[in-house]
Amino acid sequence: ALRPQCHGAMAVFVTRRIPAEGLRALAQAGGCCIQLWDSEEPVPRAELLAGVAGKRGLLCLLSDRIDREVLDAAGPNLKVISTMSVGFDHLALDEIKKRGIRVGYTPDVLTDATAELSVALLLATCRRLPEAAEQVKSGGWTTWKPLWMCGYGLSDSTVGIIGLGRIGQAVARRLKPFGVNKFLYTGSRPKPESAVEFEAEFVPFMRLAEESDFVVVTCALTPATQGMCNKEFFSRMKKTAVFINTSRGAVVNQEDLYNALAQGQIAAAGLDVTTPEPLPTDHPLLSLKNCVVLPHIGSATYATRSTMAVLAADNLLAGLRGEPMPHELVL
């Protein structure tokens, strides 16, 4: 089913070896001709530009930058782009809209996995789990000491959520039973219908910084959110506060975050996303004890990745057939 070259009404380019269930869904669709970059590693730019040429459909990942150059290389035949992600900041939406190309994405299916990881990262960061585990291995664990490896707990705390969308709500839902005292949230507009479940209060961005013991970033990356967690934001946070980001790295000014952590302006940070990805091993953030960095594993459960692949395939096929997609991005 995976031919090196293909053309025609159902010709598609798949930029990566995705979970088998997704490829199976494409292969079993009648008349669908698949050209696959058959690797665990990202498609090189030149191969991407060659691969999309003349194709009608494109199935991509968040690590593929789909900009004007790619769209030009694809040519006028390209009608559908399906991304195996909830985020779409890697897609040049203005250009895509201009050309009348439909876009599918995979929002609902990764909400629970990403929320779970956000909570795991928050707990690992505030209770210093990686640092503590390292002490066991390095011989730093000598005896029980009253203040050794102490961190900050969720009981009676105030949690501020930046972006109370699907994932933000799922994080709040999981944190509530830990005895959180109050939820604050911020975003482009109040969402009373979503906030009611947590009695969450809509507050200005800087007030969230000032009052939260934990700040969790779960918003989309847009021109409005780019770099918004910056020096001023961190300077308003409590010295005992913990900052968690599982959205996109570019929402944070990393230099400002490094300075805030190094100078003890905030207590700790946990990041599942960085700029760039991967983060260079000599990056200053990785030298800090009070910063936990994960390799963008928010949705990384076997079941979730498999479901994402199938949904991405179903979105692509529906688009090729001119049918409504299970999950279409309204441009």
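Calculation criteria
Residues numbered from 1 in each chain as written. Predicted model: local features only at pLDDT ≥ 70, side-chain atom pairs only at ≥ 80, totals over all residues. Heavy atoms only, no water. UniProt positions renumbered as here; feature names shortened; annotations may be inferred. Domains from an automatic or database assignment. Buried area = accessible area lost by both parts, 1.4 Å probe. Salt bridge = Lys/Arg side-chain N within 4 Å of Asp/Glu carboxyl O. Polar contact = N/O pair within 3.5 Å; in protein donor to acceptor, adjacent residues only side chain to side chain. Pairing = 2+ DSSP bridges. Helix = DSSP H or I, 4+ residues; strand = E, 2+ residues; numbered from the N terminus. 1 Å grid on protein atoms, 1.4 Å probe; cavity = no way out; pocket = protein on both sides within 12 Å on 5 of 7 lines; lining within 4 Å. Points joined across faces, edges and corners; volume = space filled by probe spheres on them. Buried < 20%, exposed > 50% of the residue type's maximum accessible area, 1.4 Å probe, protein only.

The protein chain has the name Glyoxylate reductase/hydroxypyruvate reductase in an unreviewed UniProt entry, where Piaya cayana is given as its organism. On record in UniProt, under Sequence similarities (unreviewed entry), the comment for the protein chain is "Belongs to the D-isomer specific 2-hydroxyacid dehydrogenase family."

Attention now moves to the domain arrangement of the protein chain. On domain assignment, one finds that the protein chain holds domain 1 (10-108 + 302-329) and domain 2 (110-293). Its C-alpha centre places domain 1 at a distance of 32 Å from the equivalent point of domain 2. Its largest share of buried area at the contact with domain 2, domain 1 owes to Asp89, Asp108 and Thr304, together 50% of the area lost on that side. For the interface between domain 1 and domain 2, the tally reads two salt bridges. Residues Asp89 and Arg248 are paired through a salt bridge, measuring 3.0 Å at the closest nitrogen-oxygen approach. For the pair domain 1 and domain 2, the number of links is five residue pairs in polar contact (both at pLDDT 80 or more).

Before going further, it helps to examine the sheet that holds strand S3 (residues 57-60). Strand order across the open sheet formed by six strands is S2-S1-S3-S4-S5-S13, with mixed pairing between neighbours. Among the strands making up the open sheet, the edge pair consists of strand S2 (33-36) and strand S13 (328-329).

Moving on, we come to the layout of surface pockets. Taken as a whole, the second largest pocket spans an internal volume of roughly 440 Å³. Every residue lining the second largest pocket is counted, 20 residues in all, and those nearest its centre are Arg128, Glu131, Lys289, Asn290 and Cys291. When residues of the lining of the second largest pocket are traced back to their parent elements, those giving at least two are helix H5 (111-126), helix H6 (129-138) and strand S12 (291-293). At four residues, H6 tops the list of elements feeding residues into the lining of the second largest pocket.

Turning our attention to the UniProt feature "domain: D-isomer specific 2-hydroxyacid dehydrogenase NAD-binding" (unreviewed entry) in the protein chain. Within this numbering scheme, the UniProt entry marks residues 119-298 as carrying the feature "domain: D-isomer specific 2-hydroxyacid dehydrogenase NAD-binding" (unreviewed entry). With 30% helix and 15% strand, the stretch residues 119-298 has end C-alpha atoms that lie 10 Å from each other.

Per the stated rule, a full pass over the model turns up 21 salt bridges. Here Arg99 and Asp72 are joined by a salt bridge, their closest N and O atoms 2.9 Å apart. Remark: Asp72 occurs in helix H3 (residues 68-74) and Arg99 occurs in the loop between helix H4 (93-98) and strand S5 (102-104); sequence separation between them is 27 residues. One salt bridge connects Arg236 with Glu232, and the closest N-O pair in it is separated by 3.1 Å. Taken as a pair, Arg236 and Glu232 lie in helix H10 (residues 231-236) at a separation of four residues, close to a single helical turn. Taking the relative accessible area as the measure of exposure, Arg236 reaches 32% and is therefore partly exposed. On the accessibility criterion, Glu232 (42% relative accessible area) is partly exposed.

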